[in-house]
Number of protein chains: 2
Amino acid sequence: MSTTVEPNRNGVDTATLFATINAVKAAPEAAKFQFRAENEWISGTHNRSTIHGFFGVGEERAHEHTFRFDADHPAILVGRDNGPTPVEFVLHALAACLTAGLANIAAARGIKLTEVRSTVSGDIDLNGILGLNPDVRNGYQNITVRFTVKGDAPAEKLRELVEQSRARSAVFDVITNGVPVKIEID
Amino acid sequence: MSTTVEPNRNGVDTATLFATINAVKAAPEAAKFQFRAENEWISGTHNRSTIHGFFGVGEERAHEHTFRFDADHPAILVGRDNGPTPVEFVLHALAACLTAGLANIAAARGIKLTEVRSTVSGDIDLNGILGLNPDVRNGYQNITVRFTVKGDAPAEKLRELVEQSRARSAVFDVITNGVPVKIEID
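We now turn to the structure provided with this report. (Residues numbered from 1 in each chain as written. Chains lettered and ligands numbered in written order. Predicted model: local features only at pLDDT ≥ 70, side-chain atom pairs only at ≥ 80, totals over all residues. Heavy atoms only, no water.)

Digging into the sheet that holds strand β1 (residues 32-43) of chain B
Selection rule: Any two strands with at least two DSSP-identified bridges between them are counted as paired. Secondary structure is summarised from DSSP: a helix means a run of H or I of at least four residues, a strand means a run of E of at least two, and numbering begins at the N terminus for each. Fitting a line to C-alpha atoms yields each axis, with helices limited to the stretch in contact; the angle taken between N-to-C directions then spans 0 to 180 degrees.
The strand order across the open sheet built from 6 strands is β3(B)-β2(B)-β1(B)-β4(A)-β5(A)-β6(B), with neighbouring strands paired in mixed fashion. Looking at the sheet topology across the chains shown, the edges are occupied by β3 (59-71) and β6 (181-185) of chain B. Across this sheet, the average inter-strand angle for adjacent strands is 15°, counted without regard to direction. Here strand β4 (residues 113-125) of chain A pairs with β1 of chain B via 9 bridges, running antiparallel. The partner of Gly122 of chain A across the bridge, within β1 of chain B, is Phe35 of chain B.

A look at helix α3 (residues 155-167) of chain A
Worth spelling out the cut-off: A helix is expected to span 1.5 Å multiplied by its residue count minus one. Partly exposed describes any residue whose relative accessible area lies between the buried limit of under 20% and the exposed limit of over 50%, with all areas from a 1.4 Å probe on protein chains only and scaled to the type maximum. What the arc measures is the spread of directions leading from the helix axis to the C-beta atoms. In this analysis, two residues are considered to be in contact whenever any of their non-hydrogen atoms come within 4.5 Å of each other.
Taking 1.5 Å per residue as the helical rise, α3 of chain A with its 13 residues ought to reach 18 Å, and the 19 Å between its terminal C-alpha atoms agrees with that figure. Of the residues making up α3 of chain A, those classed as buried are Leu158, Leu161, Val162 and Ser165 of chain A. One side of α3 of chain A carries all its buried residues, which in axial view fall inside an arc of 90°. For α3 of chain A, the secondary structure elements touched by its buried residues are α2 (86-108), β4 and β5 (142-151) of chain A together with β6 of chain B.

What about the interface of chain A and chain B?
Here is the rule we go by: What counts as buried area is the accessible surface, traced by a 1.4 Å probe, that two parts surrender upon association, with contributions from both included. Think of a salt bridge as a Lys or Arg side-chain nitrogen and an Asp or Glu carboxyl oxygen that are within 4 Å of each other. Here a polar contact is taken to be a pair of N or O atoms separated by no more than 3.5 Å, where protein atoms must pair a possible hydrogen donor with a possible acceptor and residues adjacent in sequence count only if both atoms sit in side chains. Side-chain classes follow a simple rule in which Ala, Val, Leu, Ile, Met, Phe, Trp, Tyr, Cys and Pro form the nonpolar group, Asp, Glu, Lys and Arg form the charged group, and the remainder, Gly included, forms the polar group.
Across the boundary between the two partners, chain A contributes 122 residues, which contact 122 residues of chain B. Roughly 11000 Å² of surface becomes buried between chain A and chain B when both sides are summed, with 61% attributable to carbon and sulfur atoms. At the boundary of chain A with chain B, the tally comes to 8 salt bridges. Between Asp186 of chain B and Arg146 of chain A there is a salt bridge whose closest N-O contact spans 2.4 Å. Applying the counting criterion to the chain A and chain B interface returns 70 residue pairs in polar contact (both at pLDDT 80 or more). For the side of chain A that touches chain B, the class distribution of residues is 58 nonpolar, 39 polar and 25 charged.

Quick word on the pairing of strand β4 (residues 113-125) of chain B
Consecutive side chains of a regular strand alternate in pointing toward one face of the sheet and then the other. Across 10 bridges, β4 of chain B lies against strand β5 (residues 142-151) of chain B in antiparallel orientation. Looking across to β5 of chain B, one finds that Asp123 of chain B is bridged to Asn142 of chain B.

Here's the deal with the environment of Glu88 of chain B
Mapped onto the fold, Glu88 of chain B is located in helix α2 (residues 86-108). Separated by 96 residues in the primary sequence, Glu88 of chain B and Glu184 of chain B have C-alpha atoms spaced 25 Å apart. Dropping the residues within four chain positions of it, Glu88 of chain B is found in contact with Phe35, Arg36, Ile51 and His63 of chain A together with Tyr140 of chain B.

A closer look at the relation of the copies chain A and chain B
How we decide: The copies are overlaid by a least-squares fit using only the C-alpha atoms of residues whose pLDDT is at least 70 in both copies.
Mapping chain A onto chain B is achieved by rotating through 180° and translating by 0.0 Å along the same axis, at an RMSD of 0.0 Å. Taken together, the rotation and translation describe the operation of a two-fold axis. Rotation axis and chain A: the residue whose C-alpha lies nearest the axis is Gly178 of chain A, separated from it by 2.2 Å. Same-surface contact between copies: 100% of interface residues of chain A are shared with the interface of chain B.

Laid out in structure tokens, this is it:
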């Protein structure tokens, strides 16, 4: 029986992960990234974002592919349902961030995952965005994430993965603590 | 020359939009919605969300299609680039929300839009999520949205559309003010 971490546990290249952390430790400036989305209005509430270029590790970079995503409102909200609503993409971002972190942390701790599922739900009262009640906020009033995590570790260790992922999640931080947003018009 | 609002200005069904607002005014409970995303881990930092069902106007509903979105990290962040990063989806959500609102507001004000584009960029220092510097937050340090808006109104009126959209944006509220998030584990 070996205690060596498998090179590719959970599909995570742990050697490269640790090498990356050590490289950033030696050159903290490398960790400054800028991500971007370019959005184009199509018609009504339907619009499309393109995600491709970003800045990181000191230079301009790009994803291997150009990703495009449509957003719209459903018919009940006077749209044409050409994509999810913008607020649903926020829930996807949160689930994706917590899950990616969880897989990395599990790999670093030598835990083999067999299943990770989550449902993220957000409650919103549209009296806010419709301008009908000044006491109701525009955004979600609360968000709940429910995780199922299975792997070769006791339940308590699997719970700790979720906790550590939360503690290191970029999107969890953005959503719970807020970020200053500046809007400029050409 | 008619001052009647076109029924379908900017692709927005303004008659239905106003009827919806009046319906909610009469029955505020109708505006309570719950949106959801279901996420499944695939491998490493790669995972996929499914968006389909939601609750609104008193009953369970569903989008006309089932939407699926992959998220991953790029190779430079030890992923396989099967999708944008979770934090990039946050930028898409913000652009999409501001743009959908802008089109609705323009239609309500009788302004015909010819072009709406935006670039959203977010600066993030990964020393936070890598756990290398406790003074650096996990999420974006700041986000900037740059809009180009063209239409049949003076520049000042077009600027006011962006301002009103910001004032009524669900995602802008979520990102700038934060939302409580509860995480449960089965």
